[in-house]
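Observations on the model geometry
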Amino acid sequence: MKFKILNSSLIELNTDSICIPYYKNNNKNTDLNSVNNLIDNLIDELDAKKQISSDLGAITNIYTMNKLKSKQLILIGMGEEKELNYEKIRKASGSLGRFLNNMKNDSASIIISGDGNNILEFNKTVNAISQGLILGTYKYDKFKTNKKPNTLERIDLINTQDDTSYGTSYNFEEIINESDSINLVRNLINEPPNYMNPSGLENVAKDIVENSELELTVLNVKEMKDLGMEVILGVGQGSKNDPKMIIINYNGDKENKANNIAIIGKGITFDSGGLNLKPGMSMRTMKQDMSGSAIVLGVMKAIAHQKPKKNVMGILAIAENMPGGNAQRPGDVVRAMNGKTVEIGNTDAEGRLVLSDALSYAVDKGINNIIDIATLTGAISIALGNEYTGLFGNDQEFIDKFLISSKSTGEKFWQLPVDKNYSKLYKNSIADIENIGGREAGSITGAMIIGEFAGNASWIHLDIASTITSPKDVGYNPKGPTGVSVRTILNLIKN
Ligand code: BES
Ligand code: MG
Ligand code: ZN
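Residues numbered from 1 in each chain as written. Chains lettered and ligands numbered in written order. Predicted model: local features only at pLDDT ≥ 70, side-chain atom pairs only at ≥ 80, totals over all residues. Heavy atoms only, no water.

This paragraph deals with the overall build of the chain. Assigned secondary structure in the chain consists of 15 helices and 19 strands. In terms of C-alpha radius of gyration, the chain reaches 25 Å, essentially the compact-globule figure of 23 Å for 495 residues. Considered along the principal axes of its C-alpha atoms, the chain spans approximately 80 × 50 × 45 Å. Every one of the 495 residues in the chain was classed for burial, and the buried ones make up 58%. (Helix = DSSP H or I, 4+ residues; strand = E, 2+ residues; numbered from the N terminus. Rg over C-alpha atoms; globule rule 2.2 N^0.38 Å. Buried < 20%, exposed > 50% of the residue type's maximum accessible area, 1.4 Å probe, protein only.)

Okay, here's the thing in structure tokens:
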């Protein structure tokens, strides 16, 4: 998609369609009035019959019958104008993008100036529209023989106001790169597990690092053994595809080494459950269990482009969790890089295991702030459904910073408790801890077991198990992987 900003009057526009925001209880804005006149007051007529919806993302498609150069006039519902925000613009733009492709449009003009009744900034509005369009029209058709590629190529963003302070140009490069990074995350999650295995993830990491300032370190089985990472090795030992730890470093503040953060992703390229084998229906979607690692790769790709003044260490904790003659057993005891011992109560609670060595590594390297991202527990969907991502942590100041960052991205996180009274649930008679805490508070004990390896660092854990996929097309998330948390993590790192 190519974006452009134009100052133009509506009658001149010659794209396949003209798209105009339609607010609740306000069909009297200047742009709407002038098109209404051009099409013989058809908008008034439809409005009188309540045939136009102002619900967010709702679309009313009107054929212009040669009254305008554009064949279609599209009214896009935006809700109450006073309540408009960038997240709503992003969502509506996502729905609009899919509609335009379904209509086989190659080009569209989107009107961005209303009556100025809202206080939104031009640049951020343009950002939200373009990002919503790129994210909302995402498709994964790599393995389809008959591909139906998107038609939409050209987007003209129209500023109908003469007021030049409202903006006439915009550099789209950064928002395109960020949106492409999120679509990369979605691609990696969609990739079949026979392609996106541990080596598959390693190849993507190499691609991202190439021709950038990023530095790559790959720890294979031997290096991990030497570092004492028995826990991740235990998870991977049942698979023919060896586990790996991949570290990607970006040194954006070389003078100030302590200005650092580690972003650590669970990278289980397939979670069969191991010897505690999952039933078929639960196993069906487990190629997605590397989503945390995919997010880390997306964040690092965007960081290489945005170059924030911060030292960022991305870590992918990668293994394939398989049953087999050499698989880990319930009852096995393994020792993490930081010295703590873990008895395996259930081989299906493997995410916290691979992450334990990754957090130990980050702490050992002097990292002060850690965010881990994991499709950790089925229980999080019982707690929060697929609206909010579960958030846990050990430092309220760090958590508050993260939550503030999420306010401007529109991604939703909900903090759940980390309280040492829960730790009795995973105490163990043989080793320091066990890797499961029983049925109660499953997402909390899962999080707290990871937290056991955070040392003195400020730590946040994101349980994305139920928000990483969208069950249907909603706003800028087409059905399938969402890439949730990339934008908030980037925003936190930048500010
Ligand atoms: N990868 C799963 C969690 C998961 C479940 C992600 C559903 C996405 C959708 C994780 O490794 C797992 O199996 N967790 C167990 C933990 C239990 C054994 C303590 C679970 O949630 O059942
Ligand atoms: Mg599991
Ligand atoms: Zn898992």
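We now examine the layout of surface pockets. In this model, the largest pocket occupies a volume close to 890 Å³. Residue lining of the largest pocket: 30 residues in total, with Tyr 138, Lys 139, Tyr 140, Lys 479 and Gly 480 positioned closest to the centre. No other element matches the three residues that helix α3 (residues 86–102) contributes to the lining of the largest pocket. Residue composition of the lining of the largest pocket, grouped by class: six nonpolar, 13 polar and eleven charged. (1 Å grid on protein atoms, 1.4 Å probe; cavity = no way out; pocket = protein on both sides within 12 Å on 5 of 7 lines; lining within 4 Å. Points joined across faces, edges and corners; volume = space filled by probe spheres on them. Nonpolar A, V, L, I, M, F, W, Y, C, P; charged D, E, K, R; others polar.)

Surveying the vicinity of ligand 1 reveals 15 residues, the closest of which are Lys 278, Asp 289, Asp 348, Glu 350 and Gly 378. Separating an oxygen atom of ligand 1 from a side-chain N or O atom of Glu 350 is a distance of 2.8 Å. A distance of 2.8 Å separates an oxygen atom of ligand 1 from a polar backbone atom of Gly 378. In isolation ligand 1 offers 510 Å² of accessible surface; the protein chains occlude 73% of this area. When grouped by side-chain class, the residues that make up the shell around ligand 1 number four nonpolar, four polar and seven charged. (Near = heavy atom within 4 Å. Polar contact = N/O pair within 3.5 Å; in protein donor to acceptor, adjacent residues only side chain to side chain. Areas by Shrake-Rupley, 256 points an atom, 1.4 Å probe, with all protein chains shown as cover.)

With that settled, consider the coordination of the zinc ion (ligand 3). Looking at the zinc ion (ligand 3), the protein donor atoms are Lys 266 (NZ), Asp 271 (OD), Asp 289 (OD) and Glu 350 (OE), and they sit 2.0 to 2.4 Å from it. Considering all six donor atoms around the zinc ion (ligand 3), angles at the metal cover 79 to 173° and the coordination shape is octahedral. Each donor residue of the zinc ion (ligand 3) belongs to the same chain, and together they define the spacing K-x4-D-x17-D-x60-E. The magnesium ion (ligand 2) is placed at 3.2 Å from the zinc ion (ligand 3), the two being bridged by Asp 271. You can see Lys 266 sitting in strand β9 (residues 260–271) and its partner Asp 289 sitting in the loop between α9 (280–283) and α10 (291–306), a full 23 residues away along the chain. (Donors = N, O, S within 2.8 Å, 3.2 Å for Na, K, Ca; no water. Tetrahedral: all angles 85-135°; square planar, octahedral: opposite > 155°, others 65-115°.)

In this section: the side chain of Ser 466. Along the chain, Ser 466 turns up in the loop between β17 (458–463) and β18 (469–470). Residue contacts for Ser 466: discarding those within four places in its chain leaves Ile 380, Ser 381, Gly 385 and Asn 386. (Contact = heavy atoms within 4.5 Å.)

Turning our attention to unusual backbone geometry. Of note in the backbone geometry, Asn 41 takes a positive phi value of approximately 60° without being a glycine. Examined against the element boundaries, Asn 41 turns out to sit in the loop between α1 (30–38) and α2 (42–48). Despite not being glycine, Met 65 shows a phi value in the positive range, around 45°. Tracing the backbone through its elements, the reader meets Met 65 in the loop between β3 (59–63) and β4 (72–77). Overall, the relative accessible area of 65% leaves Met 65 in the exposed class.

What is shown is where atoms sit, not what they do.
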